[in-house]
Amino acid sequence: MILVTGGAGFIGANFVLDWLAQSDEPVLNLDKLTYAGNLENLAALQGDPRHLFVQGDIGDAALLAQLLAQHQPRAVLNFAAESHVDRSIHAPEDFIQTNVVGTLRLLQSVRAYWQGLEAPARAAFRFLHVSTDEVYGSLAPTEAAFSETHRVEPNSPYSASKAASDHLVRAWHHTYGLPVLTTNCSNNYGPLHFPEKLIPLLIVNALAGKPLPVYGDGLQVRDWLYVKDHCSAIRRVLAAGRVGEIYNVGGWNEKPNIEIVHTVCALLDELRPKRDGSRYQSQISHVQDRPGHDRRYAIDARKIERELGWKPAETFESGIRKTVQWYLANPDWVAHVQSGAYRDWVQTQYASSHALICNDAP
Ligand code: NAD
Ligand code: DAU
């Protein structure tokens, strides 16, 4: 079996669902169920003996030792993290605790387990760490996209904590020989995305008749990848990646935020036109910028394509359409994640630090 951490979150849950749709190899899913973890994401696996869910913390060494000894996974895939940049600006400590200390404890537990394996299992074992393009910092408009050898220059508490975890993973390979793989992926979007992140926030706010908050001028650039393509890249790296290597994952889909906003609005105009005949773009509101906001990310994904033959299956156009359709088809999922805690966050983030500064309504 494989052990997945953070498998009740956005990417982890998509990964577990895809894994079990394609293979009968069981998954042990360890997730703390923070505000971002949601068992409803895994509802399709209820009663499936191939999926074993354990609520717990990657920082709990005793629990890890017990789970590893009992289930003897052939690989550990670490998705668990605090993942939202804006939250890291408000409350950085949780990010250090999970992303740095948690990864350290996970690495220590996995190392002890791996060292005790018989030679063939030891040789075949892999620790795959799921990381982000944000560790590379921000690009100037004409700079080449991030390659795996780009300097690491994180700018937010979130990206600094992820960079620290990447360094720990690297060190556990160089010092102890742990067979690690690291993926650094660009911005994901798709089903099960928690509506604190740009694309799902736009969809749920648009449908609720609320403002569509655009930070600053909206000309920041992100490189978007449909989540299922990220999952297929991780499966490919796990199967064939060279131990100790980093693989950048991206879809060659650089877009300024404001273009994303207009695309989502246009899709909603088509798929769920407003009763009063107005356009969703009338809800666009420019708000105060994110402190230290990275201007541009772009991933050079040539290594994973060249070495492992991986390419994304979706274009941005096909992926964003599927995403909007998924949110329209799943209003209950949206309603359930918009709990009291979610409302508190929206209040903190958009009522105080990001005061409305103007409206784009045509
Ligand atoms: P998410 O916030 O949606 O999910 C994180 C999951 O981890 C949640 O289920 C949460 O309960 C769990 N978790 C948090 N702390 C934990 C702990 N201490 N122990 C066990 N579980 C814990 O995040 P996501 O967007 O699915 O991201 C998953 C991973 O992919 C993260 O490592 C993130 O840095 C990385 N990543 C994300 C993106 C993106 O665009 N979302 C892009 C590249 C890389
Ligand atoms: O690049 C990979 C990273 O992508 C992941 O490592 C992170 O976990 C993930 O959250 C994401 O980080 P971003 O900060 O790029 O994603 P977010 O959805 O928060 O924001 C995307 C862009 O949209 C960013 O430039 C900020 C902007 N934005 C975001 C929100 C939530 C807005 O303009 N308005 C908003 O309300």
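The structure presented is a predicted model; accordingly, all values stated were derived computationally and were not measured. (Residues numbered from 1 in each chain as written. Chains lettered and ligands numbered in written order. Predicted model: local features only at pLDDT ≥ 70, side-chain atom pairs only at ≥ 80, totals over all residues. Heavy atoms only, no water.)

1. Observations regarding the nonpolar core
Here is step 1: Grouped together as the largest cluster of nonpolar side chains are 75 residues, with contacts concentrated most on Ile2, Val4, Phe15, Leu77, Leu128 and Ile304.
Here is step 2: For this core, the element with the most residues is helix H9 (residues 257–271), which contributes seven residues.
Here is step 3: In this view, Ile2 contacts Phe15, Trp19, Glu25, Pro26, Val27, Leu28, Pro73, Arg74, Ala75 and Leu77; residues no more than four positions away in its chain are not counted.
Here is step 4: Ile58, Leu64, Leu107 and Phe125 belong to the second-largest nonpolar core, a separate cluster that totals 25 residues. (Core = buried A, V, L, I, M, F, W, Y, C linked by side-chain atoms within 4.5 Å. Buried < 20%, exposed > 50% of the residue type's maximum accessible area, 1.4 Å probe, protein only. Helix = DSSP H or I, 4+ residues; strand = E, 2+ residues; numbered from the N terminus. Contact = heavy atoms within 4.5 Å.)

2. Some words on the packing of helix H1 (residues 10–22) against helix H8 (residues 227–240)
Here is step 1: Close contact between H1 and H8 brings their axes to 9 Å; oriented N to C, the two are set at 65°. Where H1 crosses over H8, the handedness of that crossing is right-handed. Residues Phe10, Ile11, Asn14, Phe15, Asp18, Trp19 and Gln22 of H1 form the contact with H8, whose own contacting residues are Val227, Lys228, His230, Cys231, Ile234, Arg235 and Leu238.
Here is step 2: Looking at the contact of H1 with H8 residue by residue, the class counts come to eight nonpolar, three polar and three charged. (Axes fitted to C-alpha atoms, helices over the stretch in contact; angles between N-to-C directions. Left-handed = near helix turned anticlockwise from the far one by under 90°. Nonpolar A, V, L, I, M, F, W, Y, C, P; charged D, E, K, R; others polar.)

3. Comments concerning the site of ligand 1
Here is step 1: What surrounds ligand 1 is a group of 28 residues, the closest being Ile11, Asp31, Ser83, Tyr158 and Lys162.
Here is step 2: A distance of 3.1 Å separates an oxygen atom of ligand 1 from a polar atom in the backbone of Phe10.
Here is step 3: Of all the secondary structure elements, the ones that give two or more residues to the shell around ligand 1 are H1, strand S5 (126–132), helix H6 (157–176) and strand S7 (187–189).
Here is step 4: The dominant element in the shell around ligand 1, judged by the number of residues it contributes, is S5, at three residues. (Near = heavy atom within 4 Å. Polar contact = N/O pair within 3.5 Å; in protein donor to acceptor, adjacent residues only side chain to side chain.)

4. Remarks on the site of ligand 2
Here is step 1: Of all residues adjacent to ligand 2, which total 24 residues, the nearest are Asp133, Glu134, Tyr158, Arg290 and Tyr350.
Here is step 2: Summarising the interface, the protein chains cover 95% of the accessible area of ligand 2, which totals 690 Å² for the free molecule.
Here is step 3: Going through the elements one at a time, helix H7 (198–207) and strand S8 (212–215) are the ones with two or more residues in the shell around ligand 2.
Here is step 4: Per-element accounting of the shell around ligand 2 gives the leading share, three residues, to S8.
Here is step 5: Tallied by class, the residues present in the shell around ligand 2 amount to ten nonpolar, eight polar and six charged. (Areas by Shrake-Rupley, 256 points an atom, 1.4 Å probe, with all protein chains shown as cover.)

5. Quick word on the confidence of the model for the chain
Here is step 1: The predicted model of the chain has a mean per-residue pLDDT of 96, with 97% of residues at 70 or higher.
Here is step 2: Every residue in residues 353–362 is under pLDDT 50, and counting partners more than four places away or in other chains gives 30 contacts. (pLDDT = per-residue confidence, 0-100.)

6. So, the sheet that holds strand S10 (residues 246–249)
Here is step 1: One open sheet holds the seven strands; their spatial order is S3-S2-S1-S4-S5-S6-S10, and the pairing between them is parallel. Among the strands making up the open sheet, the edge pair consists of strand S3 (51–55) and S10. Recorded for the sheet is a direction-independent mean angle of 20° between the axes of neighbouring strands.
Here is step 2: Relative to S3, strand S2 (residues 27–31) runs parallel, the two sharing five bridges. Bridge pairing in S3 places Leu28 opposite Leu52.
Here is step 3: Strand contacts of helix H4 (residues 93–115): strand S1 (2–5), strand S4 (75–78) and S5, with the helix running at about 165° to S5, the strand carrying the most contacts. (Pairing = 2+ DSSP bridges.)

7. Some remarks on the environment of Val4
Here is step 1: With respect to the secondary-structure elements, Val4 resides in strand S1.
Here is step 2: With 25 residues separating them in the primary sequence, Val4 and Asn29 have C-alpha atoms 4.9 Å apart.
Here is step 3: Leaving out residues up to four positions away in the same chain, Val4 has contacts with Phe15, Val16, Val27, Leu28, Asn29, Leu30, Leu77 and Phe79.

8. With respect to the side chain of Ser186
Here is step 1: Take Ser186: it is sitting in the loop between strand S6 (180–185) and S7.
Here is step 2: Judged by its relative accessible area of 5%, Ser186 is buried.
Here is step 3: Residues in contact with Ser186, not counting those within four places in the same chain, are Asp133, Asp223, Leu225, Val249, Gly250, Gly251 and Ile299.

9. Focus: the pattern of salt bridges
Here is step 1: Counted according to the given criterion, the structure contains 21 salt bridges.
Here is step 2: One salt bridge connects Asp18 with Lys228, and the closest N-O pair in it is separated by 3.1 Å. Of this pair, Asp18 sits in helix H1 while Lys228 sits in helix H8; the two residues are 210 residues apart in sequence, bridging distant segments of the chain.
Here is step 3: The exposure class assigned to Asp18 is buried, which follows from its relative accessible area of 12%.
Here is step 4: The exposure class assigned to Lys228 is partly exposed, which follows from its relative accessible area of 26%.
Here is step 5: Between Lys311 and Glu305 there is a salt bridge whose closest N-O contact spans 3.7 Å.
Here is step 6: By relative accessible area, Lys311 is classed as exposed at 54%. (Salt bridge = Lys/Arg side-chain N within 4 Å of Asp/Glu carboxyl O.)

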